[in-house]
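Here is what each chain is made of, one letter per residue.
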Amino acid sequence: IGTDTSLPNTLTFKFWYNLTGLASNTKYTFQPFAVINGLTFYGSKASFTTASPSSPSAYQWPIKVAYSITSGYGPREPIYVNGKWTDNYHNGIDLASGGNMVAVYPIQDGAVVTAKYDSIGGNYIVIKHSNGWYSYYGHLSKMLVKAGDAVKKSTQIGVTGKTGSATGIHLHLTVAKSSQWWVNSQCFDPRSILP
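(A) Summary view of the packing of aromatic side chains. As enumerated under the stated definition, the model contains seven aromatic pairs in all. Taking the centre distance of 6.4 Å and the plane angle of 25 degrees together, the rings of Tyr-59 and Trp-133 count as stacked. With Tyr-59 in the loop between strand E4 (46-49) and strand E5 (68-71) and Trp-133 in the loop between strand E13 (122-128) and strand E14 (134-140), the pair connects residues that are 74 residues apart, well separated along the chain. Each member of the pair Tyr-59 and Trp-133 is classed as buried.

(B) Broad picture of a nonpolar patch on the surface. Among the surface-exposed residues, Phe-33, Val-35 and Tyr-42 lie close enough to one another that they form a single nonpolar patch of about 350 Å² accessible area. As for its position among the elements, Phe-33 is in strand E2 (residues 33-36).

(C) Looking closely at the confidence of the model for the protein chain. Overall, the prediction assigns the protein chain a mean pLDDT of 82, with 76% of residues at 70 or greater. Confidence drops under a pLDDT of 50 for residues 1-7, and excluding neighbours within four residues, the segment shows 16 contacts in the predicted structure.

(D) Spatial organisation of the sheet that holds strand E17 (residues 158-159). One open sheet holds the three strands; their spatial order is E11-E17-E15, and the pairing between them is antiparallel. Every other strand in the sheet has two partners, leaving strand E11 (103-104) and strand E15 (142-143) as the edge strands with one partner each. Pairing between E11 and E17: two bridges, direction antiparallel. Following the sheet pairing, Val-104 is matched in E17 by Gly-158.

(E) Main features of the side chain of Thr-114. Structurally, Thr-114 can be placed in strand E12 (residues 110-118). Setting aside anything within four residues of it in sequence, one finds Thr-114 in contact with Tyr-124, Ile-125, Val-126 and Ala-147.

(F) Local environment of unusual backbone geometry. Positioned with a positive phi, His-139 is a non-glycine residue whose angle comes to about 70 degrees. Note on placement: His-139 falls in strand E14.

What counts, and where the lines are drawn
Each chain has its residues counted from 1, running along the sequence as written. Only residues with pLDDT of at least 70 are given local features in this predicted model, and only at 80 or more are side-chain atom pairs given and counted; all residues enter the totals for whole chains, interfaces and linings. Based on all heavy atoms of the structure, the side-chain values leave hydrogens and waters out of the count. When the centres of two rings from Phe, Tyr and Trp lie within 6.5 Å, Trp using its six-membered ring, the rings pair. Their planes under 30 degrees apart give stacked, over 60 give edge-to-face, and anything left gives tilted. Where helices and strands are cited, they refer to DSSP runs of H or I of at least four residues and of E of at least two residues respectively, numbered from the N terminus. Relative accessibility under 20% of the residue-type maximum defines a buried residue, over 50% an exposed one, and the middle range a partly exposed one, all with a 1.4 Å probe and only protein chains included. Here a patch means residues that are over 30% exposed by relative accessible area and free of salt bridges, tied together within 9 Å if like-charged and within 5 Å if nonpolar (Val, Leu, Ile, Met, Phe, Trp, Tyr). All accessibility values rest on the Shrake-Rupley procedure with a 1.4 Å probe; residue burial counts only the protein chains present in the view. Each reported salt bridge corresponds to a side-chain nitrogen of Lys or Arg within 4 Å of a carboxyl oxygen of Asp or Glu. Each residue carries a pLDDT value, the predictor's own confidence for that position, ranging from 0 to 100. In what follows, a contact means two residues having at least one pair of non-hydrogen atoms within 4.5 Å. A strand pair is defined by DSSP finding two or more bridges across the two strands.

Shown next as structure tokens:
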């Protein structure tokens, strides 16, 4: 899509390629060329293979003690809590440990982009991962990280709770393929990537 040289007074060219939209785990072959005064000059062919998306084994469940999934991903009956009805689509899963407050960990290494409170999610944390996906941890009783922190899977980021619109102590986990983690169309069932 460009060169940093002046044509045609040089023998060396540098090209930049826009590679967005390529399929993962696919081999591509390319051959650069230049058209000078109507003549086409071809460079050497080269190939590369795009990386595979992170495999499920790269992820972990955010709670390391016994838990149950108290609400799954997808359509559900609205719940009346704190004077209002919840959405009829659950864009994540709820994990509860028998009413106990337990440690919460990231599902994968990443960087904290948000750690704050709102009336729905309560204390919540959002983490961006290296593949561009985001994970959201809601209703925490304690947040142990702040925006800008780098976290590993071994980093405790918080403690489960019932802040915000929650009927009991649990963790709400959402995973999204973009920074719009609150948009249902960007989210998917976290169980599809967890081991």
